[in-house]
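# A look at the structure
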Amino acid sequence: IFPAAVIAGLIVILIFIASRYNIKPLYWYDTALCFALGIFYSLYKEKVASVVNHNIVTWVITVVLAFSLYLTLRKMGTAAYLLANLCFAFGVLTATMRITFNNKVLKWCGDNLFEIYILQRIPMISLKALGLADFNIIVYFILCAVITVLLTICFKPITGKAWNGILSFQGRGKK
């Protein structure tokens with residue numbers, strides 16, 4: 001728990017510095033506390049689940065309360081907005097304890113989340129530089145999504161082969 005507390009504390013300090021000295025706009029750090037919440041949730045997952053899932057009434061009250069707090073707090077200033085984001089994340093987390101989405105597209109996105117995250121900016125930057133974002137935002141969005149999916153599909157096989165090449169090269173160097 002100590003490392004988690006240290007990380008959470010550092011996140012709070014960084015948020016304070018960023019907001020106090022206007023280093024970056026709010027959207028740069030408004031979900032940073034959700035990372036700390038995720039760390040603590042991973043440590044206490046069983047305890048949280050046992051309380052929230054005790055019965056359906058407890059679960060419904062928790063979900064409704066989390067989303068109600070989100071809707072209330074998000075309009076009350078920066079500090080309250082940061083807490084609202086925590087309420088939203090906790091509400092989604094709680095809701096998905098009992099509601100599952102058995103959707104192939106969402107499953108694929110979850111399985112390839114890292115790749116989508118790191119590759120999405122390539123088409124966004126390229127197509128914006130070509131002026132497509134200014135020309136037609138809908139076409140820009142659709143092309144960005146399609147190109148990101150294509151890049152994601154190609155990414156794992158290419159990096160897998162590269163990694164295997166590195167490992168085999170490493171193995172040869174040790175002989």
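Look above for the structure.
Residues numbered from 1 in each chain as written. Predicted model: local features only at pLDDT ≥ 70, side-chain atom pairs only at ≥ 80, totals over all residues. Heavy atoms only, no water.

Attention now moves to the nonpolar core. Ranked by size, the top nonpolar core spans nine residues in total: Ala8, Ile11, Ile15, Ala18, Tyr29, Leu33, Ala36, Leu82 and Leu86. When contributions to this core are tallied by element, the ones reaching two or more residues are helix 1 (2-20), helix 2 (32-52) and helix 4 (78-95). No other element matches the four residues that helix 1 contributes to this core. Here isoleucine 11 is in contact with Ala32, Leu33, Phe35 and Ala36, once residues within four sequence places are set aside. (Core = buried A, V, L, I, M, F, W, Y, C linked by side-chain atoms within 4.5 Å. Buried < 20%, exposed > 50% of the residue type's maximum accessible area, 1.4 Å probe, protein only. Helix = DSSP H or I, 4+ residues; strand = E, 2+ residues; numbered from the N terminus. Contact = heavy atoms within 4.5 Å.)

Let's shift gears to the side chain of threonine 94. Inspection of the secondary structure puts threonine 94 in helix 4. Exposure remark for threonine 94: the relative accessible area of 0% places this residue in the buried category. Threonine 94 has contacts with Val52, Trp59, Thr62 and Val63, leaving out every residue within four places of it along the chain.

Judged by side-chain polarity, Phe2, Val6, Leu10, Ile13, Phe16, Ile17, Tyr21 and Ile23 come together as a nonpolar surface patch covering roughly 830 Å² of accessible area. Within the fold, tyrosine 21 resides in the loop between helix 1 and helix 2. (Patch = residues over 30% accessible without salt bridge, like charges linked within 9 Å, V, L, I, M, F, W, Y side chains within 5 Å. Areas by Shrake-Rupley, 256 points an atom, 1.4 Å probe, with all protein chains shown as cover. Salt bridge = Lys/Arg side-chain N within 4 Å of Asp/Glu carboxyl O.)

Okay, the pattern of salt bridges next. Counted by the stated rule, this structure contains one salt bridge. With a shortest N-O distance of 3.1 Å, lysine 107 and aspartate 111 are connected by a salt bridge. Here aspartate 111 and lysine 107 lie together in helix 5 (residues 104-111), a separation of four residues that amounts to about one turn.

Within the fold, glutamate 115 resides in helix 6 (residues 113-119). Although buried, glutamate 115 forms no salt bridge, and the nearest oppositely charged side chain, lysine 156, lies 4.0 Å from it. What glutamate 115 contacts, discounting residues up to four positions off in sequence, is Thr152, Phe155 and Lys156. (Lys, Arg positive; Asp, Glu negative; His and termini not counted.)

Turning to the environment of leucine 73, a few remarks are in order. For leucine 73, the location among the structural elements is in helix 3 (residues 56-73). When its relative accessible area of 18% is taken as the criterion, leucine 73 is described as buried. In the structure, leucine 73 is positioned 43 residues away from isoleucine 116 in sequence and 31 Å away in space, judged by C-alpha atoms.

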